[in-house]
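Descriptive structure summary
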Amino acid sequence: MRVAILTISDSAAAGRRGDTSGDTIAEWCARRGEELVARETVADESPAIVPRLIALCDTFGAELLLTTGGTGLAERDVTPEATRAVIERDAPGISERLRVSCIDTFPRAALSRGVSGVRGATLIVNLPGSPSGVRDALAALDPIVAHACDVLSGRVTQHGEPAEEDQR
Amino acid sequence: MRVAILTISDSAAAGRRGDTSGDTIAEWCARRGEELVARETVADESPAIVPRLIALCDTFGAELLLTTGGTGLAERDVTPEATRAVIERDAPGISERLRVSCIDTFPRAALSRGVSGVRGATLIVNLPGSPSGVRDALAALDPIVAHACDVLSGRVTQHGEPAEEDQR
Amino acid sequence: MRVAILTISDSAAAGRRGDTSGDTIAEWCARRGEELVARETVADESPAIVPRLIALCDTFGAELLLTTGGTGLAERDVTPEATRAVIERDAPGISERLRVSCIDTFPRAALSRGVSGVRGATLIVNLPGSPSGVRDALAALDPIVAHACDVLSGRVTQHGEPAEEDQR
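These notes cover the structure that comes with them. Throughout this description, residue numbers start from 1 for each chain and increase along the sequence as written. Labels are handed out in written order, letters beginning with A for the chains and numbers beginning with 1 for the ligands. Only residues with pLDDT of at least 70 get local features here, since the model is predicted, and only at 80 or more are side-chain atom pairs given and counted; chain-wide, interface and lining totals rely on the full set of residues. Computation of side-chain values: all heavy atoms of the structure, hydrogens and water removed.

Concerning the environment of Ala121(C)
All names here are of chain C. Numbering of helices and strands runs from the N terminus, with a helix taken as a DSSP run of H or I at least four residues long and a strand as a DSSP run of E at least two residues long. Relative to the helices and strands, Ala121 resides in the loop between strand S5 (116–119) and strand S6 (122–127). Once the C-alpha coordinates of Ala121 and Asp150 are considered, the two residues, 29 residues apart in sequence, prove to be 9.9 Å apart. Whether two residues are in contact is decided by their heavy atoms, any of which lying within 4.5 Å being enough. Those residues in contact with Ala121, other than ones at most four positions away along the chain, are Ala62, Glu63 and Leu152.

Things to note about helix H4 (residues 79–86) of chain B
Residue and element names in this part refer to chain B. Relative accessibility thresholds used throughout: buried, under 20% of the residue-type maximum; exposed, over 50%; partly exposed, between the two (1.4 Å probe, protein chains only). Burial in H4 covers these residues: Thr79, Pro80, Ala82, Thr83 and Val86. The arc that holds every buried residue of H4, seen down its axis, measures 165°, which confines them to one face. Its buried side turned inward, H4 meets strand S1 (2–8), helix H3 (46–58), strand S3 (64–68), strand S5 (116–119) and strand S6 (122–127). Working definition: the arc comes from the directions between the helix axis and the C-beta atoms, pointing outward to the latter.

Comments concerning the relation of the copies chain B and chain C
Once chain B has been moved 0.0 Å along the axis and rotated by 120°, it coincides with chain C to within an RMSD of 0.0 Å. Each copy turns onto its partner about a three-fold axis. The overlap is low: 8% of the interface residues of chain B also sit at the interface in chain C, so different surfaces are used on the two sides. Here the copies were fitted onto each other by least squares, based on C-alpha atoms from residues at pLDDT of at least 70 in both.

Observations regarding the sheet that holds strand S3 (residues 64–68) of chain A
Residue and element names in this part refer to chain A. Reading across the sheet, the six strands line up as S2-S1-S3-S6-S5-S4 and stay open at both edges, with mixed pairing between neighbours. In this open sheet, the two edge strands, each paired with only one partner strand, are strand S2 (35–42) and strand S4 (89–90). Strands were regarded as paired on the criterion that DSSP finds at least two bridges between them. Bridge count for strand S5 (residues 116–119) against strand S6 (residues 122–127) is four bridges, and the pairing is antiparallel. Across the sheet, residue Arg119 finds its bridge partner in S6, namely Thr122. An axis is simply a line fitted to the C-alpha atoms; with a helix, the fit covers only the stretch in contact. Between two such axes, the angle follows the N-to-C directions and lies from 0 to 180 degrees. Along the sheet, helix H3 (residues 46–58) contacts strand S1 (2–8), S2, S3, S5 and S6; its crossing angle with S1, the most-contacted strand, is approximately 170°. Set on the sheet, helix H5 (residues 92–100) makes contact with S4, S5 and S6; between it and S6 the angle comes to about 30°.

Details of the interface of chain B and chain C
Of the residues lining the interface, 24 residues belong to chain B; the matching set on chain C comes to 27 residues. For any pair of parts, buried area is found by adding up, for both, the accessible area (1.4 Å probe) each one loses once the two are put together. Across the chain B/chain C interface, buried area totals approximately 2400 Å², and carbon plus sulfur atoms make up 55% of it. The working definition used for a salt bridge is a side-chain nitrogen of Lys or Arg within 4 Å of a carboxyl oxygen of Asp or Glu. At the boundary of chain B with chain C, the tally comes to three salt bridges. A salt bridge links Arg113(C) to Asp90(B), with the shortest nitrogen-to-oxygen separation between them at 3.7 Å. Definition of a polar contact: a pair of N or O atoms within 3.5 Å, with one able to donate and the other able to accept a hydrogen when the atoms are protein atoms, and with sequence-neighbouring residues admitted only if both atoms are side-chain atoms. Linking chain B with chain C are eight residue pairs in polar contact (both at pLDDT 80 or more). Sorting the residues of the side of chain B that touches chain C by element identifies strand S4 (89–90), helix H5 (92–100) and helix H7 (145–153) of chain B as the ones contributing at least two each. Under this grouping Gly is polar, as are all residues other than the nonpolar Ala, Val, Leu, Ile, Met, Phe, Trp, Tyr, Cys and Pro and the charged Asp, Glu, Lys and Arg. A class-by-class count of the residues in the side of chain B that touches chain C yields 10 nonpolar, six polar and eight charged.

Regarding the nonpolar core
Grouped together as the largest cluster of nonpolar side chains are 31 residues, with contacts concentrated most on Leu64(C), Leu66(C), Ile94(C), Val125(C), Leu127(C) and Leu141(C). Within the residue set of this core, elements represented by two or more residues are strand S1 (2–8), helix H2 (20–32), strand S3 (64–68), helix H5 (92–100), S6, helix H6 (131–141) and helix H7 (145–153) of chain C. Buried Ala, Val, Leu, Ile, Met, Phe, Trp, Tyr and Cys residues form a nonpolar core when they are joined through side-chain atoms within 4.5 Å.

Quick notes on the interface of chain B and chain A
The interface of chain B with chain A comprises 28 residues on the first partner and 24 residues on the second. Counting each side, the surface lost to burial between chain B and chain A is near 2500 Å², with a carbon and sulfur contribution of 55%. In this assembly, chain B and chain A are joined by three salt bridges. The salt bridge partner of Asp90(A) is Arg84(B), with a shortest N-O separation of 3.2 Å. Elements represented by at least two residues in the side of chain B that touches chain A include exactly H4, H5 and helix H6 (131–141) of chain B. With four residues, the single largest contributor to the side of chain B that touches chain A is H6(B). Split into classes, the residues belonging to the side of chain B that touches chain A amount to 11 nonpolar, six polar and 11 charged.

Right, here's the structure in full:
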């Protein structure tokens, strides 16, 4: 699975703090044996975010593009709007799963406005900004993300599969 | 409750496989004693799907229109977009419930992009394509669907009911 | 936290019944020690609802605006559409949490079409119409609403906080 990471954070982009959340995603890739094709950092500005999302999908050919940061309620949290501008089809159940998975253990996950969707053959998923939020979200993605990318890449066709489960 | 079934599947429409998922819904109707007013199959093409959705609502007068298939991430999965084109008001909590109900038992349910909403006096709900996915979804619909159709048909007015529960 | 309540109900606006749901929210405010800055009742008509939503945000300066009623499937349930017309950014995880929190105890919560979102520095959340639905929804809001308003008001900046948890 070809994975790209986009950290969306004013302070990380300005070098005022490290990118622990991006590190957490990179470690997850390594542990799973996924190929990290690109890793970038950008400030919380739509005109800066949108072209990077597009490039990571269309030029770098990521199958899975994970963003971290900018999904909250604050004025500069614009990741969901920037993501919506580039996806062609939404996949609301993925973001739903990320939030609902920690409904009891971390209620504030409900405040993440993150979205998920497909652009071409890339699945884009917005993860929250904090390292612990990223860890929760990656745990929720673990059992579904390989199948999602297999369907998108055409490695598994949803129709015509022998196993009924694969038709979902 | 007047129920219509629309199976959305290239292979079922072409006769290359049976329509086990549609059968599963029909059996659910029979078991509940619902009236099946129409059952059709259509290929995964928006220009084919949209007029059938409209006819099943407006001409056949279904109170509940259940679709199966075409809700996944693959390129030909266009059921959610076709459904959105015909509904007048969305009911996102229903599709949410269908996915979240099996969050532990079948994580891939999160990949279903199915939507729910109202057109006139018809509630439309997209179910996944596989028979097991349909079974899970019908189990999630069981406790809510009769009340939903009662409200839509005007048999129960949400306002002015003596029981407080009915005002929700 | 400056809280406003808008009860959206034909029968309450016409004085045909009391506003038990609004009372329930007011008691919740008192119990939490929140400041109730306004409480109004309006009929289920978008042209009546929209200006009141705007006034409660922009003129009364509510940090949290809770509506009750008009979120169901009936024809006159237009609260979600009226709310969508005034919010600048959606916060879907909040309404998701309200519904999913009672997925086992009150399945019909799935039929609430309520939305949540931000207008300026106000968080707007649609609660269902029945007193018991309101109680369930307030219980789901309890652990998240103070942090949400702190972020919106700028009392807590999501970026630049020492605690990592605050960055979500």
